[in-house]
Amino acid sequence: MAKGEAIKHLETLALAHNRAKYPTLPEGARYIGKYTDRTANGLQKCIIDFLRFNGWQCERISVTGRYINNTKVVTDILGNKRRVGSGKYIPSSMQRGSADLSATIAGRSVKLEIKVGKDKQSEHQKQYQREVEQAGGQYWVVRTFEGFLQMYNEFMR
């Protein structure tokens, strides 16, 4: 399957970044990693790398809870080991609906929500978007890397 022009552009930036970072890299070396915008994780990696290659700050935000493991391994009278007990997730202290990525581009706060395929914003995410925009920040819902580049280029004008 053919790569989009946006992904090819990112690979060119990645190669230039690697050449600057590793000046002794042999001329034929081209390892730059794999970029795809077909999955949420792949699209996040594309965006983070693109922003960092251009001198901006970007980070992933995780709002999943934390797993507390209350299990233990016991040995019965026959010498068999078994795991007993249970674990549970405790909620995160992060704000519900927080965007997947948080970036600072040209001194402005930009929150990026990644949606691939038929994925849609939850009500908590819509409320978070309203709060960010009301405070003067930017909130982008990104579905493809090409779409991200269009929003980025418009933002940089």
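Refer to the structure presented above.
Cut-off values and rules
- By convention here, each chain's residues receive numbers from 1 onward along its written sequence.
- Owing to the predicted nature of the model, reporting of local features is limited to residues with pLDDT of at least 70; listing and counting of side-chain atom pairs is limited to 80 or more, with chain, interface and lining totals taken over all residues.
- To obtain the side-chain values, all non-hydrogen atoms of the structure were used and water was disregarded.
- A run of H or I in DSSP counts as a helix once it spans at least four residues, and a run of E counts as a strand once it spans at least two, with each numbered from the N terminus.
- Take the number of residues in a helix, subtract one, and multiply by 1.5 Å to get its expected span.
- For every residue, the accessible area obtained with a 1.4 Å probe (protein chains only) is divided by the maximum for its type, and the residue is called buried under 20%, exposed over 50%, and partly exposed between those limits.
- By definition, the arc is the one covered by directions from the helix axis to the C-beta atoms.
- Note on definitions: a residue-residue contact is assigned when non-hydrogen atoms from the two residues lie within 4.5 Å.
- The term disulfide is used for any two cysteine sulfur atoms that are within 2.5 Å.

Caption draft 1: Region of the structure containing helix H3 (residues 123-134). In this model H3 runs 16 Å from its N-terminal to its C-terminal C-alpha over twelve residues, within 8% of the 16 Å that 1.5 Å per residue would give. Three or more residues of H3 are buried, namely Gln125, Tyr128, Gln129 and Val132. Each buried residue of H3 sits inside an arc of 105° when the element is viewed along its axis, so together they form one side. Within H3, the exposed residues directed more than 90 degrees away from the buried face are Glu123 and Gln134. Packed against the buried residues of H3 are strand E7 (108-114) and strand E8 (138-142).

Caption draft 2: Broad picture of the state of the cysteines. The tally for this structure, following the rule as stated, stands at zero disulfides. Cys58 provides the cysteine sulfur closest to Cys46, a residue in no disulfide bond, and the two sulfurs are 12 Å apart. For Cys58, a relative accessible area of 2% translates into the label buried.

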